[in-house]
Amino acid sequence: MLEIEIDGKQIQVNDGSTVMDAAAAAGTYIPHFCYHKKLSIAANCRMCLVQVEKAPKPLPACATPVTNGMKVWTHSELAVKAQKGVMEFLLINHPLDCPICDQGGECQLQDLAVGYGASGSRYQEEKRVVFNKNLGSLVATDMTRCIHCTRCVRFTTEIAGEMELGQAFRGEFAEIMPFIEKTVDSELSGNIIDLCPVGALTSKPFRFAARTWELSRRRTVSPHDALGSNLIVQTKHDVVKRVLPFENEEINECWLSDKDRFSYEALNSDERLSAPMIKQGGEWQRVDWQSALEFVATGLRGIAKDHGGASIGMLASPHSTLEELYLLQKLARGLESQNVDFRLRQVDFRADGKRAGAPWLGMPIAGVKDLNRLLVIGSFLRKDAPLLAQRVRQAAKKGLQVSAIGPNAEDWLLPVKHRALVAPSSMVATLAQVLAALVAEKGLEPSPALAGKLPEHIEDEARAIALSLASGRQVAVWLGNLAVQHGRGSELQTLAQEIARLTGGSFGFIGEAANSVGGYLAGAIPGADGLNAAAMIEQARKAYVVMGAEPAFDFANPSATTAAMQTAQLVVGLTAFDSASLRGVADVMLPIAPFSETSGTYVNCEGRAQSFVAVARPQGETRPAWKVLRVLGNLLALDGFSQSDSEAVRDEILSADFASQLNNGVEGVVVSIATASSAALERVTDVPIHFSDPLVRRAEALQKTRDAAAPSARISPATMEALGVAAGDRVRVAQGAATAELIVQADPGLAAGCVRIAAAHVSTSKLGGMSGDLSVERV
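Residues numbered from 1 in each chain as written. Predicted model: local features only at pLDDT ≥ 70, side-chain atom pairs only at ≥ 80, totals over all residues. Heavy atoms only, no water.

Looking at an unreviewed UniProt entry, one finds the chain named NADH-quinone oxidoreductase, with Thauera terpenica 58Eu as its source organism. Listed in UniProt under the heading Catalytic activity (unreviewed entry), the comment for the chain reads: "a quinone + NADH + 5 H(+)(in) = a quinol + NAD(+) + 4 H(+)(out)". The UniProt entry for the chain carries this comment under Function (unreviewed entry): "NDH-1 shuttles electrons from NADH, via FMN and iron-sulfur (Fe-S) centers, to quinones in the respiratory chain. Couples the redox reaction to proton translocation (for every two electrons transferred, four hydrogen ions are translocated across the cytoplasmic membrane), and thus conserves the redox energy in a proton gradient." (UniProt positions renumbered as here; feature names shortened; annotations may be inferred.)

*Asks:* What is the right way to look at the domain arrangement of the chain in this model?
*Replies:* By convention, interface size is frequently given as the accessible area that disappears when the constituent parts associate. Entries for the chain in the domain assignment read domain 1 (277–352 + 523–661), domain 2 (365–509) and domain 3 (681–778). One C-alpha centre belongs to domain 1, the other to domain 2; they are set 35 Å apart. In this assembly, 10 residues from domain 1 lie in contact with 12 residues from domain 2. Between domain 1 and domain 2, a total of about 770 Å² is buried, with carbon and sulfur atoms accounting for 50% of that surface. Counting the contacts that link domain 1 with domain 2 gives one salt bridge. Between R350 and E491 there is a salt bridge, and its shortest N-O distance comes to 2.7 Å. Where domain 1 touches domain 2, the interface holds five residue pairs in polar contact (both at pLDDT 80 or more). Taken together, the residues of the side of domain 1 that touches domain 2 sort by class into four nonpolar, two polar and four charged. (Domains from an automatic or database assignment. Contact = heavy atoms within 4.5 Å. Buried area = accessible area lost by both parts, 1.4 Å probe. Salt bridge = Lys/Arg side-chain N within 4 Å of Asp/Glu carboxyl O. Polar contact = N/O pair within 3.5 Å; in protein donor to acceptor, adjacent residues only side chain to side chain. Nonpolar A, V, L, I, M, F, W, Y, C, P; charged D, E, K, R; others polar.)

*Asks:* Before we go on, may I ask you to explain the UniProt feature "domain: 4Fe-4S Mo/W bis-MGD-type" (unreviewed entry) in the chain in this structure?
*Replies:* The UniProt feature table records "domain: 4Fe-4S Mo/W bis-MGD-type" (unreviewed entry) at residues 215–271. The span residues 215–271 is 9% helical and 35% strand by assignment, and the distance between its end C-alpha atoms comes to 25 Å. (Helix = DSSP H or I, 4+ residues; strand = E, 2+ residues; numbered from the N terminus.)

*Asks:* Please explain the environment of E441 as it appears in this structure.
*Replies:* Secondary-structure assignment places E441 in helix α11 (residues 427–442). The class for E441 is partly exposed, based on a relative accessible area of 48%. (Buried < 20%, exposed > 50% of the residue type's maximum accessible area, 1.4 Å probe, protein only.)

*Asks:* Just checking my understanding: could you explain the nonpolar core for this structure?
*Replies:* Here is a general trend for soluble globular proteins: nonpolar side chains tend to be buried in one another's company. F33, F155 and W478 are the most contacted members of the largest nonpolar core, which totals 71 residues. Mapped by element, the contributors of at least two residues to this core are α2 (77–92), α3 (108–116), α4 (151–158), α5 (191–195), β17 (373–377), α10 (386–397), β18 (401–406) and β20 (475–479). Ranked by residue count, the leading element in this core is α10, at five residues. Taken domain by domain, the makeup of this core includes at least three residues from each of domain 2 (365–509) and domain 3 (681–778). Among residues more than four places away in sequence, those in contact with W478 are L361, M363, V368, L371, L374, L375, V376, I377, L388, V392, G508 and I510. Core analysis: the next-biggest nonpolar cluster, separate from the first, contains 53 residues, L300, L331, A625 and I653 among them. (Core = buried A, V, L, I, M, F, W, Y, C linked by side-chain atoms within 4.5 Å.)

*Asks:* What's the story with α11 in this structure? I'm lost.
*Replies:* Helical periodicity: at 3.6 residues per turn, an α-helix aligns residues three or four positions apart in one direction. With 16 residues, α11 extends 22 Å between its outermost C-alpha atoms, agreeing within 8% with the 22 Å of an ideal straight helix rising 1.5 Å per residue. For α11, a buried count of 13 out of 16 residues is recorded, marking the element as mostly surrounded by other parts of the structure. G443 occupies a position one or two residues after α11 and carries a positive phi of about 70 degrees. (Expected span 1.5 Å × (residues − 1).)

*Asks:* When you look at the UniProt feature "domain: 4Fe-4S His(Cys)3-ligated-type" (unreviewed entry) in the chain in this model, what are you seeing that I'm missing?
*Replies:* According to UniProt, the positions carrying the feature "domain: 4Fe-4S His(Cys)3-ligated-type" (unreviewed entry) are residues 78–117. Taken end to end, residues 78–117 is 60% helix and 0% strand, and its first and last C-alpha atoms sit 16 Å apart.

*Asks:* When you look at the packing of aromatic side chains in this model, what are you seeing that I'm missing?
*Replies:* The description of an aromatic ring pair uses the distance of the two centres, along with the angle that the planes make with each other. This structure, assessed with the given rule, holds four aromatic pairs. A ring pair is formed by F155 and W255, whose centres lie 5.0 Å apart and whose planes are at 55 degrees; its orientation type is tilted. One end of the pair, F155, is in helix α4; the other, W255, is in the loop between β12 (239–245) and α6 (258–262), and 100 residues separate them in sequence. With a centroid separation of 5.4 Å and an interplanar angle of 90 degrees, the aromatic rings of F342 and Y520 are classed as edge-to-face. Of the two residues, F342 is situated in the loop between β16 (340–341) and β17 and Y520 in helix α15 (residues 518–521); the sequence distance between them amounts to 178 residues. Here Y520 falls in the buried class, since its relative accessible area comes to 15%. Note that R242 overlies the ring of F206, its terminal NZ or CZ placed 4.4 Å from the centroid. The aromatic ring of F577 is capped on one face by R698, whose charged end is 4.5 Å from the ring centroid. (Phe/Tyr/Trp six-rings, centres within 6.5 Å; stacked < 30°, edge-to-face > 60°. Lys NZ or Arg CZ within 6 Å of the ring centre and 35° of its normal.)

Written out as structure tokens, the structure is:
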């Protein structure tokens, strides 16, 4: 610890701290523009100049390290004169357009100009003008306002991981610009809007929509990925106008992914369902709530009476709240049906009944910085969990060795030390080889269930991964979405769990959605005699209740799901949107509130329960889903549906020690190491970041980004040559009887013998399951 005196106040700070750090610890504000606690030090704005004892001139507080006994004055005559001089230079070319600037009212330059700016300018020459840059559909530019703090440049390089912006030229000719007129395509690009201290970079969807002082601010939680980012939602007249990050160092720090930030556009979509609808004579009719609910209750009661409760299936989106999932499963069981599930994209359910608890990440999100070895199995990490990938990126800079197993090798914008690029059918065998090499290296015995089953032949890459893990002190093994949705996902889990045990590390699941953990805690999984999500589609039910999901986009096999529901006597859709996918199969659609118009709880991947309240009034006749389910329970005369608010529902689910229910242990899954040989091509399926749920699919600005491009048939160059096709060719992809026509795209980061095709898009919704064999022929 070092001692420093700031404005006469004695404090102690850690060795290596800067004067800016010390001032923050002392509660003293030093004006600044280029400094940001999460970015490297640039010291180029000079606004933080302070007086230091014995220094011949003012020094930048952000770049001056503390020395023992140092004396600093932040508001002395010398310091203030220097700060005012810097401000005068910053304002020389800055346009006087605060009244029309979107940053007006929340502008750092505006605020500091009040304290450090003069009432008039001595600069009489013409101000310079800088042409605007096209950064894409999310970020608007007014580059004449730029003060060259380079925060945006440092963010894209250091946090987002790819240098998409840079500063060209010198002096007053300096400009921030993208490279070769490219757009900024990072999934974290919206953060440069927050970082910009002036109005140079602003939100394009929010542009000219409202003034900051007109907006109400309320805190909530993201309904998208499993991280559970904390949000500040800003509304005007009960319409959501903007979403900003709420700083939480343990979860999202001060960042947001673009999906979290811009999906709010869908809340005001023309596709919002605003009143209950019933299909009568093949035509959709608008009805009142009483009629709609009585129609549903009568239909479910009649089918349960005539065919038994087991003829009813209930399927919910993992983006639903804890309370909604709990009441849905309670409704199912009240009707004597055990057929309820939220794992809509999963196909292997052999671990059901063999789990020790609810699967989770196995460690705190903030603990990523302490890892020095990480194995990621079957994941599109950068797009599935952007802010978790960002934490891994920062840890990799400090020595974390990342290894990966799977059929995809897209750039995660971080160094991957070892990678086994294998087809989905070979993932179990490859993971078994890693385990076998680890057993040999550690001299330990595998669990009895795996004894005698491990392969003798070990590939070089599998051995390298094992040696890396064996040398680690803090090890983690993560299963990604592709692994969980794999046809042999239970076997992958069993092997990964054993690898983690032998390395003394943690084992967990990255998670697909906001309540991938909460769904288990809510009991929204089938009972011993119940059918899981895949079985409910394979063995068509007489009635389905579908909550928050669209059959064509949110299920493992969209074509089979649509076909099964078309044969049902009754399909009830609880949805926030008038979905064409649901219209084709449903008999009644009930408008339920999205996350912004309801209260509830999400349990994120680290097992943290985060409750939130509505930030706006429900649109039209929309109602919170938990209230709709509660009333349905009452109409059906079922017990346990008397809750007065969502908090009462939550308290039924979560006890004070609910964390004890988080357990990734699984026993009794039979593991087969043999690789099934097939001459056919294998499908590799990702769910693109901006297709993943009904909200992002309807966010207009997100749908204009590169990540929302229409799916193509991505094939490795070697496989393309074997097939006799070239990039740009139009091909017909067939899975059984289902076909789709797509454009071929070369993908060097894909395993041989595979075709990568995105799910959750209208152009691929008629194909079969997310994994399996397929064929490709040129059209």
